[in-house]
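Coordinate inspection notes
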Amino acid sequence: MSGMKVGDVIGVECRVQPGPFSGERLISFDTIEGPVSGFVREENLKEVDKQWYVRAVIQGIDGDVLEVKVKGSFFTTNGLANVERRFAMAA
C-alpha cells in the first residue's frame, strides 16, 4: 500500500448497519480523531472477506495517515477524515 497517492480511490474499513432508506446504509469507521458515523449509498460500499469498506478518495498523505474524502452524510464531519493507512485498501 506504499504506492498510494493523492487522488487514488481506496476503501476504508467500516462497520455497516441498515439505513433508514432503501439503497442507503449507516456506517461507522475509525479516524485519528475518533469514530465517525453517517449514511452512505450502497454503491459506495464493498465487502471483501466479510470485511466492509467504504469508497474514499485520498486528499493528502502524511506518513501513515491518509486524509480522505468519503461521499455521504455524516454526523460530525463533512466527509473529510484522517485515517491510518492500515485501515485502507486499494479499490
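Description of the structure in this document.

Cut-off values and rules
Residues numbered from 1 in each chain as written. Predicted model: local features only at pLDDT ≥ 70, side-chain atom pairs only at ≥ 80, totals over all residues. Heavy atoms only, no water. Phe/Tyr/Trp six-rings, centres within 6.5 Å; stacked < 30°, edge-to-face > 60°. Helix = DSSP H or I, 4+ residues; strand = E, 2+ residues; numbered from the N terminus. Buried < 20%, exposed > 50% of the residue type's maximum accessible area, 1.4 Å probe, protein only.

Details of the packing of aromatic side chains
Considering all chains together, one arrives at 2 aromatic pairs under this definition. Pairing F29 with F74 gives two aromatic rings, centres 6.1 Å apart and planes at 90 degrees, and the pair type is edge-to-face. Taken together, the positions of F29 in strand β2 (residues 24-31) and F74 in strand β7 (residues 73-74) put the pair 45 residues apart, joining distant regions of the chain. Overall, F29 belongs to the buried group, its relative accessible area being 1%. Exposure remark for F74: the relative accessible area of 11% places this residue in the buried category. Residues F39 and F75 carry aromatic rings whose centres are separated by 5.6 Å and whose planes lie at 80 degrees to one another, so their mutual orientation is edge-to-face. Pair noted here: F39 is in strand β3 (residues 34-41) and F75 is in the loop between β7 and β8 (80-84), with a separation of 36 residues, a long-range link. By relative accessible area, F75 is classed as exposed at 55%.

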